[in-house]
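Next come the chains, spelled out residue by residue.
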Amino acid sequence: MTVLDWEGLFKRYVWDDRTTPYLVPVAKLNRRQADSEVLAYCLFMGVLFTVVALGAMSELSPTGRSPFTTLYGFTVVCACLLLNYTKAVPAAVYLGTAPLAGLVYLAATLAGSGTPREPIDTAMVAVVLLLLLWYSVRLVNLARGYPQMPEGDALPPRRRLFK
């Protein structure tokens, strides 16, 4: 009988120093670890801002059609691609502005110029944006230190769903 490897799946997707080294200091990372971390961040931000850009093109969105939001979302997706493939510091800095833009949008919403939200929803979104802003400092440091990082010596672990 095959058994699902829950411990391995948890370690694979949540915490593994080889593939998801989110709390390992940047100075101790190798390029393979940095590549994994940047890929995960770029996938998250790329999907999120693709949805933002597409939603801003629609008249059905809560704030209506917004060409500037569409353009900004598209540029963030391009910065994700650039950061993932080149580890360029300017792309990391630009991606670091995305949580700031979200916080500015939330502040404008609270000031009454946007769609009204429930206070708990606004607080939860603000906390997520503040965490992303905090993480963006690590991302910029990772891009700065990438050229000096050693190559990863171990191959990534073989992925299996069942033992």
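Look up a bit, the structure's there.
Residues numbered from 1 in each chain as written. Predicted model: local features only at pLDDT ≥ 70, side-chain atom pairs only at ≥ 80, totals over all residues. Heavy atoms only, no water.

Peer 1: Where do I start with the environment of Arg65 in this structure?
Peer 2: The residue Arg65 is located in the loop between helix 2 (31-56) and helix 3 (67-86) in this model. Separated by 11 residues in sequence, Arg65 and Leu54 have C-alpha atoms that sit 9.9 Å apart. In contact with Arg65, other than residues within four places in its own chain, are Ala56, Met57, Ser58 and Glu59. One polar contact links the side chain of Arg65 to the main-chain carbonyl oxygen of Met57, over a distance of 3.2 Å. At a separation of 3.2 Å, a polar atom in the side chain of Arg65 contacts the side chain of Glu59. (Helix = DSSP H or I, 4+ residues; strand = E, 2+ residues; numbered from the N terminus. Contact = heavy atoms within 4.5 Å. Polar contact = N/O pair within 3.5 Å; in protein donor to acceptor, adjacent residues only side chain to side chain.)

Peer 1: Please clarify how the packing of aromatic side chains should be interpreted in this entry.
Peer 2: Two numbers describe a pair of aromatic rings. These are the distance of the centres and the angle of the planes. Evaluation of the coordinates by the stated rule reveals 3 aromatic pairs. For the ring pair Tyr41 and Tyr135, a centre distance of 5.4 Å and an interplane angle of 40° mean the geometry is tilted. Residue Tyr41 is found in helix 2, and its partner Tyr135 is found in helix 5 (residues 119-145); the two are separated by 94 residues along the sequence. Across the pair, Tyr135 and Tyr41 agree in class, each one buried. Here the aromatic rings of Tyr72 and Tyr94 are separated by 5.9 Å at their centres, their planes lie at 55°, and the arrangement is tilted. In this pair, Tyr72 is assigned in helix 3 and Tyr94 in helix 4 (residues 89-110), connecting sequence segments 22 residues apart. A relative accessible area of 22% places Tyr72 in the partly exposed class. Three or more aromatic residues joined by ring pairs make a cluster, and in this case those are Phe49, Tyr72 and Tyr94. Lying over the aromatic face of Tyr146, Lys87 brings its terminal NZ or CZ to 5.3 Å of the ring centre. (Phe/Tyr/Trp six-rings, centres within 6.5 Å; stacked < 30°, edge-to-face > 60°. Buried < 20%, exposed > 50% of the residue type's maximum accessible area, 1.4 Å probe, protein only. Lys NZ or Arg CZ within 6 Å of the ring centre and 35° of its normal.)

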